Amino acid sequence: MTVQYLFDTINKHENCIKCELGKLRISNNEKVSFGTGMVNAKGLIIVPKPRFSAGRMVGPYSMDSEEVSTLKSLWSAIKMDPDDWYITSAIGCKTEEITDDHIRNCRDRLGDIVSSISPLVVVCFGRTSLRAFAGDSDETKAAQPGLFDLQDPNIYYKTYLTYDITQYIQGKARNVEGWQQIGNQILEDWKNIKALLND
């Protein structure tokens, strides 16, 4: 797709007021998050929601500095090129909790972003991101990390579910049981994702 397609997507959704988050965003003079990265990226990452601090999106990729550092260390470990990725969020506005209504109301925006980038691989950070992208179903609610079959012959890109890096970081900070195994699983996931990207 072209840069113009992404600009059209931004123009279409930047004033969204489909739910209370949009109205609050406008009253706080904030912007919808559309993501960042190379428009010709091979892969697209969907995080659950953008990160804000004092009303502004923080860090590159709409992620905080620790999340970015963790992701880049994973990429470095497997020699992944950061320019291969565009990163966006399932929800475009600031919120503490993501509801089913937020996911439904933001689905068109997310779908247009994915179409704008036209990636080979879509990586969903956690089931919330997968549900936002692939729809709310028993399959998406119960999905386990790994390649996810969208069961749609019209969609050519591969979809991969991995753990939400935020939850991993929080588990590590609190020394939650099993956080090391999750870290190892995330690394294995990214090795698999790299292979998919190079297929």
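Residues numbered from 1 in each chain as written. Predicted model: local features only at pLDDT ≥ 70, side-chain atom pairs only at ≥ 80, totals over all residues. Heavy atoms only, no water.

Trainee: Where do I start with the pairing of strand E6 (residues 121-125) in this structure?
Mentor: Strand residues, when the strand is regular, have side chains that alternate between the two faces of the sheet. When you tally the buried positions in E6, you get five out of five residues, the bulk of the element. The two faces of E6 match: Val121, Val123 and Phe125 on one face and Val122 and Cys124 on the other face are all buried. Sheet analysis places E6 next to strand E8 (residues 158-162), joined by five bridges and oriented parallel. Residue Phe125 lies in a different strand from E8, and its bridge partner there is Thr162. (Buried < 20%, exposed > 50% of the residue type's maximum accessible area, 1.4 Å probe, protein only. Helix = DSSP H or I, 4+ residues; strand = E, 2+ residues; numbered from the N terminus. Pairing = 2+ DSSP bridges.)

Trainee: Just checking my understanding: could you explain the pattern of salt bridges for this structure?
Mentor: Opposite charge on two side chains permits them to pair, given that their charged atoms come into close proximity. Per the counting criterion, the structure on display carries eight salt bridges. Where Glu30 meets Lys94, a salt bridge forms, and the shortest distance between an N and an O atom there is 2.9 Å. One end of the pair, Glu30, is in the loop between helix H2 (20-27) and strand E1 (36-37); the other, Lys94, is in the loop between strand E5 (85-89) and helix H4 (100-117), with 64 residues separating them in the sequence. According to the relative accessible area criterion, Lys94 is partly exposed, its value standing at 32%. Notably, a salt bridge pairs Lys191 with Glu188, separated by 3.2 Å at the nearest N-O pair. Residue Lys191 and its partner Glu188 are located together in helix H8 (residues 179-197), separated by three residues, close to a single helical turn. On the accessibility criterion, Glu188 (38% relative accessible area) is partly exposed. Within the structure, one salt-bridge network assembled from shared partners comprises Asp100, Arg131 and Asp136. (Salt bridge = Lys/Arg side-chain N within 4 Å of Asp/Glu carboxyl O.)

Trainee: Got a minute to help me understand the nonpolar core in this structure?
Mentor: Buried together is how nonpolar side chains tend to be arranged in soluble globular proteins. Formed by 27 residues in total, the largest nonpolar core has its most connected members in Leu44, Ile46, Tyr86, Val114, Val122, Cys124 and Phe133. Elements with a contribution of two residues or more to this core: strand E2 (43-47), H4, E6 and helix H5 (127-134). For this core, the element with the highest residue contribution is H4, accounting for six residues. Setting aside its immediate chain neighbours within four residues, Val122 contacts Leu44, Ile46, Val114, Phe133, Tyr157, Lys158, Thr159 and Tyr160. (Core = buried A, V, L, I, M, F, W, Y, C linked by side-chain atoms within 4.5 Å. Contact = heavy atoms within 4.5 Å.)

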